[in-house]
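What follows is each chain in one-letter form.
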Amino acid sequence: MLNLKVPFGTAKMVRVTGAKYLAWEDAFEVDFEDGLTFLEPHATIRKANKISPKAKFDHLEIEDWCRAGFFVHYDNGQIAEVSWAFIRELPPKK
């Protein structure tokens, strides 16, 4: 699989046009305005947002003001915020 993520802090903002949870992959498919689609593992979103391991995915919503990301809602009330940059950039180096 080709990795199209760029170094941290170098990506240009591209609007999210769609996002969906793929249960069989335990990952999120995220579509962007420029036609690229990324598959982001659920585990990385959980870890970055400190989501309880017992929390179950409930639903997601795309941020509708400027489509700069999406929110993942869990059955225990926790919410993970996922920005376009989290999907399109590599993590910062330590």
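The coordinates are above.
Let me sum up the structure you'll find in this document. Remember, predicted model here, so these are calculated numbers, not experimental data.

Moving on: the nonpolar core. Counting residues in hydrophobic clusters, the biggest one holds 19 residues, and the most contacted among them are Val30, Phe32, Ile45, Phe70, Val72, Tyr74 and Ile87. Taken together, the elements giving at least two residues each to this core come down to β1 (16-22), β2 (27-32), β5 (69-74), β6 (79-83) and α2 (84-88).

The next thing to look at is helix α1 (residues 42-49). Helical periodicity: at 3.6 residues per turn, an α-helix aligns residues three or four positions apart in one direction. Those residues of α1 that fall on the buried side of the exposure criterion are His42, Ile45 and Arg46. All buried residues of α1 lie within an arc of 100 degrees about the axis, which places them on one face of the element. Those residues of α1 that are exposed and aimed more than 90 degrees away from the buried face are Ala43 and Lys47. Count one or two residues on from α1 and you reach lysine 50, which has phi positive near 55 degrees.

Below, the discussion takes up the side chain of histidine 42. Assignment of secondary structure puts histidine 42 in helix α1. Within the structure, the side chain of histidine 42 is placed 2.8 Å from the side chain of tyrosine 74, a separation counted as a polar contact. Dropping the residues within four chain positions of it, histidine 42 is found in contact with Tyr21, Asp26, Ala27, Phe28, Phe57 and Tyr74.

Taken together, the six bridges between β1 and β2 define a ladder with antiparallel strand orientation. Bridging from a neighbouring strand, glycine 18 pairs with aspartate 31 of β2.

This part is about the sheet that holds β6. Ordered by their spatial adjacency, three strands build an open sheet running β4-β5-β6, and the pairing between neighbours is antiparallel. Both outer strands of the open sheet, β4 (57-62) and β6, are each paired with one neighbouring strand and no more. For this sheet, the mean inter-axis angle between neighbouring strands, taken without regard to orientation, is 20 degrees. Taken together, the five bridges between β5 and β6 define a ladder with antiparallel strand orientation. Paired with phenylalanine 71 across the bridge in β6 is glutamate 81.

Parameters at a glance
Residues numbered from 1 in each chain as written. Predicted model: local features only at pLDDT ≥ 70, side-chain atom pairs only at ≥ 80, totals over all residues. Heavy atoms only, no water. Core = buried A, V, L, I, M, F, W, Y, C linked by side-chain atoms within 4.5 Å. Buried < 20%, exposed > 50% of the residue type's maximum accessible area, 1.4 Å probe, protein only. Helix = DSSP H or I, 4+ residues; strand = E, 2+ residues; numbered from the N terminus. Arc of directions from axis to C-beta. Polar contact = N/O pair within 3.5 Å; in protein donor to acceptor, adjacent residues only side chain to side chain. Contact = heavy atoms within 4.5 Å. Pairing = 2+ DSSP bridges. Axes fitted to C-alpha atoms, helices over the stretch in contact; angles between N-to-C directions.

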